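Commentary on secondary and tertiary structure
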Amino acid sequence: MVRARTILAVAAIALLLGDGVFAVFLTATTAPRPATLTVEGTFPDYDGGRLGSNSSNRVAFAFEIPTRLPWYRGQVQALSVALTAQPGPGVRLVEPTTLSVQLQRWDAGIRRTLAGDLELLTPAGPGRWTIANTPMHISPNAEVAGSSFFLAVALNVTVEYQDGSSYGISAWEPDARTTFFDIRTDVAPFGAVALVAGGIGTALMVVQSRRGRRPTLRRV
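Computed from a prediction, not measured in an experiment: that's the story for all the values here. (Residues numbered from 1 in each chain as written. Predicted model: local features only at pLDDT ≥ 70, side-chain atom pairs only at ≥ 80, totals over all residues. Heavy atoms only, no water.)

**Quick look at the overall build of the chain**
Applied cut-off: Helix numbers and strand numbers start at the N terminus; a helix is a DSSP run of H or I with at least 4 residues, a strand a run of E with at least 2. Burial classes follow relative accessibility: with a 1.4 Å probe on protein chains only, a residue under 20% of its type's maximum area counts as buried, one over 50% as exposed, and anything between as partly exposed. Contact definition: two residues touch when any of their heavy atoms are within 4.5 Å. Exposure was quantified through the Shrake-Rupley algorithm and a 1.4 Å probe, taking into account, for residues, occlusion by the shown protein chains and nothing else.
What the chain contains, in helices and strands, is 2 helices and 12 strands. Starting at the N terminus and walking to the C terminus, you meet the elements of the chain as α-β-β-β-β-β-β-β-β-β-β-β-β-α. For the chain, buried positions account for 30% of its 220 residues. A fraction of 69% describes how many contacts in the chain between residues 6 or more apart in sequence connect residues 24 or more apart. Roughly 13,400 Å² of accessible area belongs to the chain as shown, and the carbon and sulfur atoms make up 57% of that amount.

Here is the structure:
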C-alpha cells in the first residue's frame, strides 16, 4: 500500500513538473514579436455628391498599425496608427478628422465587434496623419481568446474635388481588414505554480524518505 502511494506521488510530481516546464517553454517560444497590421482601401468617386466611376476622383488610403503578436487575453493593447492618402488628380484636398479601430471576429457569418477606440487625427506630413492622442487603447475583456481575430478601421473624412465640390462621410470603412491573429491565454503563471508545487512535493518526499530510514543497530 505504501509503495503504491509512493508511485502515485512520484507520478503526480512528475506530471506537475512536466506541465510546468512545458508551459514555460511554450511561453518562451510564443512570446509576442513586433508586427505591423495593414488595412488598405480606396475611397470612391463622390464628386457632385453622388457615387461615380471617375478614377481621378478616388483616394487610396493605407492604415499601418504597429503591434506585437500574438495578443494575450485580458491585456490592454496600446496602438498607434499611421494613415497615408494618395488622392487622384481630380482631388484637391483630403481632410480625415477621426479614426476608429475595432477588434472584430466573425461569428456565424456576422462580424462581431469586441472592443474599440476612437481618436482624433493630426497631420504628420504631406498626405500623412497619425493619432492626436497616442496611443489608442483596445481593451477586450478577459473572456476574449482564440483565433481568427482582426482589426477593422472606420474613418471620418471630407474630400474636396478640383471642380469645387466636396463630400464628407462619417465612419467610412474600407472593404479590407487586417490579417487574422490570435489572442492566447498566458500559461506562464500556471507553469510557475506547477513547478513550485512539483518542487514542494519533491522536497516532502525526500524528507519523508529520510525520516523512514532507521539507524542500524550494532551488537556489543
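Having seen the model, we can carry on.
**Points about the environment of Thr-97**
Mapped onto the secondary structure, Thr-97 falls in strand β6 (residues 91–107). A residue is classified by how much of its surface remains accessible, and Thr-97, at 39% relative accessible area, is partly exposed. Ignoring anything within four residues of it in the chain, the contact list for Thr-97 reads Glu-119, Leu-120, Leu-121 and Asn-156.

**What to know about the pairing of strand β2 (residues 59–69)**
Rules: One requirement defines pairing of two strands: DSSP has to find at least two bridges between them.
Here strand β1 (residues 33–43) runs beside β2; their pairing, made up of 11 bridges, is antiparallel. Bridging from a neighbouring strand, Ala-35 pairs with Thr-67 of β2. Inspection of the sheet shows β2 paired to strand β5 (residues 82–87) by 6 bridges, in the antiparallel sense. Bridge pairing in β5 places Val-59 opposite Pro-87.

**Some points on the packing of aromatic side chains**
We count it as follows: Between rings of Phe, Tyr and Trp, where Trp is taken as its six-membered ring, a pair exists when centres lie within 6.5 Å; planes separated by under 30 degrees are stacked, by over 60 edge-to-face, and by other angles tilted. We call a charge positioned over a ring when the NZ of a Lys or the CZ of an Arg lies within 6 Å of the ring centre and within 35 degrees of the ring normal.
The final tally for this structure, using the stated rule, is 8 aromatic pairs. Ring geometry for Phe-43 against Trp-172: centres 5.3 Å apart, planes inclined by 80°, an arrangement best described as edge-to-face. Note that Phe-43 is positioned in strand β1 and Trp-172 in strand β11 (residues 166–172), a separation of 129 residues in sequence. We classify Trp-172 as buried; its relative accessible area is 10%. Where Phe-61 meets Trp-172, the ring centres are 5.6 Å apart and the plane angle is 50°; that geometry is what we call tilted. Of this pair, Phe-61 sits in strand β2 while Trp-172 sits in strand β11, and the two are 111 residues apart along the sequence. Judged by its relative accessible area of 3%, Phe-61 is buried. Note that Arg-105 overlies the ring of Phe-149, its terminal NZ or CZ placed 4.3 Å from the centroid.

**Considerations on the environment of Pro-70**
One can find Pro-70 in the loop between β2 and β3 (71–72). On the basis of relative accessible area, Pro-70 is assigned to the buried category, the value being 11%. Measuring from C-alpha to C-alpha, the distance between Pro-70 and Asp-182 comes to 5.5 Å, with 112 residues separating the pair along the chain.

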